Amino acid sequence: MDAIRIDVLSVIPGFFDSPLSNGLLSIARKKGFAEVVVHNLHDYGLGRYRQVDDTPFGGGAGMVLRPEPVFACVEKLKAERHYDAVIFPTPDGRPFRQQEANRLSRLKNLIFLCGHYKALDERVRESLVTMEYSIGDVVLSGGEIPSLLMMDALLRVVPGVLGDSESALTDSFQTGILDCAYYTRPPEFRGMKVPEVLLSGHHAKIEQWRHENALERTRQRRPDLLAEDV
Ligand code: ADE
């Protein structure tokens, strides 16, 4: 098994310290499923102040990430190995869904380019970026959180990253609908009882209850998923 190599380009590399050393990303790295390298775009910045951004031509509020530092960093990486995708998280990208996470999980070498400031110079998008994803109809301050979200989603479906007991295959969205409700001990807590069938040990009935519960939840919470052809 080859590890997925992920290079992350950011102007705030320290942002990744905790997520990479805790939780799923840390587990995936320790188990040898992923190698994640974070690059500071300021190291490729211009002049004495390692400048990475500038004002937009045509005026207007906000700063734009300049092309030179991004090109320099990506070209250095590309000289070292082949990359299957250069991913740019952006609110105007394609919606990032489970299917996209599954697809990315089968690739080998990935670059995540985290935008910051108001925008990224369009020439970078035109000539370096190969995939643009939005993680929702909401605007965040940069691409760091979306990149982490995508890394988590793609690594948790790599076989072996999660223990067998936590199989990602039964997750919401993998099945096309939401997941069912779950309960653990105690069977009664403050007067609230676990549905009888789950305590019965009758596997077929339990499966049937879970399927119906999942369908009902989906009907109530995400009817749009049932309208899609799944
Ligand atoms: N960067 C800022 N907002 C974003 C979003 N919604 N999706 C992906 N990248 C973003």
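Just so it is clear, the model here is predicted, and its values are computed rather than measured.

Draft legend 1. Structural context of the side chain of serine 10. In this fold, serine 10 is placed in strand S1 (residues 4–10). Owing to a relative accessible area of 0%, serine 10 belongs among the buried residues under this scheme. Within the structure, the side chain of serine 10 is placed 2.9 Å from the backbone nitrogen of isoleucine 12, a separation counted as a polar contact. Side chain to side chain, serine 10 and glutamate 144 meet in a polar contact 2.6 Å long.

Draft legend 2. View of the packing of helix H2 (residues 23–30) against helix H6 (residues 144–156). Their axes nearest at 9 Å, the elements H2 and H6 cross at an angle of 55 degrees. The orientation of H2 relative to H6 falls into the category oblique. The hand of the H2/H6 crossing is left-handed. Where H2 abuts H6, its residues Leu24, Leu25 and Ala28 lie against Leu148, Met151, Asp152, Leu155 and Arg156. Across the contact of H2 with H6, the residue classes break down as six nonpolar, no polar and two charged.

Draft legend 3. Fine view of the domain arrangement of the protein. Splitting the protein by domain gives domain 1 (4–155) and domain 2 (170–228). The C-alpha centroid of domain 2 is placed 37 Å from the C-alpha centroid of domain 1.

Draft legend 4. Seen up close, a nonpolar patch on the surface. There is a patch of nonpolar side chains on the surface, built from Ile12, Phe15, Val138, Leu140 and Ile145 and spanning about 400 Å² of accessible area. Its location among the elements puts phenylalanine 15 in the loop between S1 and helix H1 (17–21). On the basis of relative accessibility, which here comes to 37%, the residue phenylalanine 15 falls in the partly exposed class.

Rules used throughout
Residues numbered from 1 in each chain as written. Predicted model: local features only at pLDDT ≥ 70, side-chain atom pairs only at ≥ 80, totals over all residues. Heavy atoms only, no water. Helix = DSSP H or I, 4+ residues; strand = E, 2+ residues; numbered from the N terminus. Buried < 20%, exposed > 50% of the residue type's maximum accessible area, 1.4 Å probe, protein only. Polar contact = N/O pair within 3.5 Å; in protein donor to acceptor, adjacent residues only side chain to side chain. Axes fitted to C-alpha atoms, helices over the stretch in contact; angles between N-to-C directions. Parallel < 35°, antiparallel > 145°, perpendicular 65-115°, else oblique. Left-handed = near helix turned anticlockwise from the far one by under 90°. Contact = heavy atoms within 4.5 Å. Nonpolar A, V, L, I, M, F, W, Y, C, P; charged D, E, K, R; others polar. Domains from an automatic or database assignment. Patch = residues over 30% accessible without salt bridge, like charges linked within 9 Å, V, L, I, M, F, W, Y side chains within 5 Å. Areas by Shrake-Rupley, 256 points an atom, 1.4 Å probe, with all protein chains shown as cover. Salt bridge = Lys/Arg side-chain N within 4 Å of Asp/Glu carboxyl O.

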